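# Per-entry structural report
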Amino acid sequence: MKNFILIGILTTFSLIFGSSGTSFGATVEMKLNLHSIYGGKLTSTEIKTPFNLITDMNVRLINFSEDTYNMSGEEINEYIHGKRFYTQQRATQGVNLEEATKVYQIKRDIYRHHELNEEDFIQMAGDTIKANAKSFDEKIKLLSSMLEDMYYIYDYKRTQGEGSAEVSFNDIAKSLDGRYSGAHRDRAGVCRDMHQAILKIAKASGVPEGFGISFISSGAPHLNLIFTDPENPKRVINLNYDIVFNNEGGWENSLLTQNHVSPSLGLGFYLWNANDKVELYIPSDKGVLLYMGSGGDLEELNMALPENYTNISAETRTKLGKFALFYGHAGGGDGTHVLSLNQALSKKINNFIETDIGHSVFYSQRTMDTRDDTDLNTIGYYIRNSFKFSKNFKFNSQEIDLYFNTFIYGAIFQAVVKSDDPNKSVNNLRFDFHGSLKTGIKHQAYFSDSILTTKLELSILPQTGNIANFSQYNLTEPGFDFMPSGLFLSQNYEFNINNSLTGELGHKLSLYPIDGMPVIIGQLYGKLKYKNYVQARSSAVGCLSDYCPAFLPGTARRIDNSLNYIFSDKFKFGFSNSLYEDGNYYFGLNLKIIHY
């Protein structure tokens, strides 16, 4: 219990000193060892003294003045509200003639070996880069320069369904060699071929943490690359052809959106490894809000999502299910707003099968780039469906459920990009969907005044079979492969403190096998409930393994808090916040009005 008391103290300080959406309000500095918390001992927690708070605020004000001296009004507003800053540059930016000549020669030496088989070619290219580029940044610059070459041989005919389904990197290299020698300029490859080829070369050159990222963008389905700096895990590099995006201190899954420049407007992101297989699906803020608005339980997404989503809804319950008007906002992510009209219906078909269906018409909006007043808007139709097959066993004071669950959700929507720059304006019809399978076992033990629940669940992601099935206009064609994408173990202990007060203690371990490395996210939480009127919850979340990719929700250590007031069965109000160890602080509101 003392761990939760200490977490409660941190919660109190965060509420007293915190300011909505701004990093300046986070005047609690934490040195949080999550391994120790999970083991039952909080070894290192520091709360600043009032004197240090004043000193720190003066330092922050000085830094603020220096950082914002040359900013526009929009940029200052972005800074105050805790938005990250990024560096965007092209591969050739800041390169002198001597460097450019060297890079040209290195690439020429690589391309002229296109007659090698693909495996040997990739190894040769990786060894060549490794010999000529020692640092991570040098390798990234060289890899992005190769992508810049590929941009000019993009095969637009393949986007219309013409040409071969598969293009090897040998084909791309042969075309590049011809372009460099002036013999011919055949076009070869599209985004998936080019970026995945560079990912394989990056691995061969010694760049360890890299992935292909596929998503629905404002123009078309797209695949680009994301790398983590091995010297600084919080620094994430996105490569989109010749453009390099340098992120530091970003917001987990929003790191995958390329800083709003080549934006995702779909429900999430597929993570591809260098073997052309999907490793993981990560929902976007838009996907989370649409799922939430349609009546979905966020626990089913199996992601350690933060407590910073504002949601306001008016709901009526009828024989045809629940109808709701919903507004949601992602406070600390990419700033997505969603307004939707929803219907949700849960039905038990028989003793073994139950279904949960939700659908909605929606409008979503977020700012792509405050610098040129570019907004991304979508209007469309969303559907969420799950079927659960289960078998229940009861004996004495215990109960066991064996279950198998299928999840499918998707959306069709019109994407409209409004910009002062006419070259960025887009108006396209798009479709996005995702499916997954889950199987598990749930055990409940009942005592005189308490319940212990243990659950073990395996998440399975249907595979497209190969990156070649990722066509330019069809992200996921049906395949026959299935890959485990997560293993989840949770325990929850419910107990009565007295006649008016009940409590819960629990933990959850999430294991994701990413790129052959185990990523373990731990969550420890406590919950108090007073007479069904007041509910308070606090949790500590963070990565417990050595490998912690910054873009995965839950890898950054944080404390989530929520307090909800249930005035009656028809009116619920509350708030939540997420406090990160780097000082960033985010706030969310929850309001629900129910009519029977």
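Now for the packing of helix α7 (residues 136–151) against helix α9 (residues 191–204). Following both chains from N to C, one finds α7 and α9 inclined at 155°, their axes separated by 10 Å at the closest point. Put simply, α7 runs roughly antiparallel to α9. Both α7 and α9 take part in a crossing whose hand is right-handed. Here L143, M146, L147 and M150 of α7 lie close against α9, whose contacting residues are M194, H195, I198, I201 and A202. Residues belonging to the contact of α7 with α9 are distributed by class as follows: eight nonpolar, one polar and no charged.

Here we come to the packing of helix α6 (residues 118–132) against α9. It is at 7 Å that the axes of α6 and α9 come closest, and there the two elements cross at 60°. Here α6 is positioned oblique relative to α9, judged by the angle of their axes. The way α6 lies across α9 gives a crossing that is right-handed. Residues E118, I122, Q123, A125, G126, D127, I129 and K130 of α6 lie in contact with α9, whose contacting residues are K200, I201 and A204. Of the residues in the contact of α6 with α9, the class split is five nonpolar, two polar and four charged.

With that settled, consider the state of the cysteines. Here, disulfide denotes a covalent bond that connects the sulfur atoms of two cysteines. Evaluation of the coordinates by the stated rule reveals one disulfide. Linked covalently through their sulfurs, C543 and C548 form a disulfide whose S-S length is 2.1 Å. Taking the torsion about the S-S bond as the criterion, the C543 to C548 disulfide, at about -85°, is left-handed. For C543, a relative accessible area of 4% gives the class buried.

This brings us to the nonpolar core. In this structure, F227 and L552 are the most contacted members of the largest nonpolar core, which totals 96 residues. In terms of residues, this core owes the most to one element, α9, which gives eight residues. Look past the residues within four positions of L552 in its chain and what remains in contact with it is E252, L280, I282, M303, Y512, I514, V519 and I521.

Take α6 next. For α6, which comprises 15 residues, the first-to-last C-alpha distance of 21 Å matches the rise-based estimate of 21 Å (1.5 Å per residue) to within 8%. The set of residues buried in α6 consists of F121, I122, M124, A125, G126, T128 and I129. Regarding α6, its N-cap is N117, as a side-chain oxygen of that residue lies 3.2 Å from the backbone nitrogen of E119 further along.

Moving on: empty space enclosed by the protein. This structure, assessed with the given rule, holds three cavities of 30 Å³ or more. A volume near 220 Å³ is recorded for the largest cavity. In this structure, the largest cavity is lined by 18 residues; those nearest its centre are Y281, L301, H434, S436 and S459. For the lining of the largest cavity, the elements supplying multiple residues, two or more each, are β7 (278–283), β13 (398–418), β14 (426–446), β15 (450–463) and β16 (481–496). A class-by-class count of the residues in the lining of the largest cavity yields 11 nonpolar, five polar and two charged.

Conventions we followed
- In every chain, residue numbers begin from 1 and rise along the written sequence.
- Confidence filtering applies because this is a predicted model: local features only for residues at pLDDT of at least 70, side-chain atom pairs given and counted only at 80 or more, and all residues used for totals across whole chains, interfaces and linings.
- Side-chain calculation: all heavy atoms of the structure are included, whereas hydrogens and water are not.
- Only the stretch in contact is used when a helix axis is fitted, and all axes are lines through C-alpha atoms; the angle between N-to-C directions ranges over 0 to 180 degrees.
- Elements are defined by DSSP. Helices are runs of H or I of four residues or more, strands are runs of E of two residues or more, and each kind is numbered from the N terminus.
- Working rule for angles: under 35 degrees goes down as roughly parallel, over 145 as roughly antiparallel, 65 to 115 as roughly perpendicular, anything else as oblique.
- Rotating anticlockwise by less than a right angle from the far helix to the near helix defines a left-handed crossing, while the corresponding clockwise rotation defines a right-handed one.
- We call two residues contacting when some pair of their heavy atoms lies within 4.5 Å.
- As a working rule, the residues Ala, Val, Leu, Ile, Met, Phe, Trp, Tyr, Cys and Pro are called nonpolar, Asp, Glu, Lys and Arg charged, and the rest polar, with Gly in that last group.
- Disulfides are defined in this document as cysteine sulfur pairs within 2.5 Å.
- Using a 1.4 Å probe on the protein chains alone, a residue whose accessible area is under 20% of its type maximum counts as buried, one over 50% counts as exposed, and one in between counts as partly exposed.
- Remark: nonpolar core denotes a set of buried residues (Ala, Val, Leu, Ile, Met, Phe, Trp, Tyr, Cys) joined through side-chain atoms within 4.5 Å.
- Multiplying 1.5 Å by the residue count of a helix minus one yields the expected span of that helix.
- In the analysis that follows, any N or O atom pair within 3.5 Å is treated as a polar contact, provided that within protein one partner can donate a hydrogen and the other can accept it, and provided that, for residues neighboring in sequence, both atoms belong to side chains.
- The way it works is a 1 Å grid over only the protein atoms, where trapped points that fit a 1.4 Å probe form a cavity and open points with protein on both sides within 12 Å along at least five of seven lines form a pocket, and then any residue with an atom within 4 Å of a point lines it.
- Grid points are joined across faces, edges and corners, and a volume is the space filled by probe spheres set on the points.

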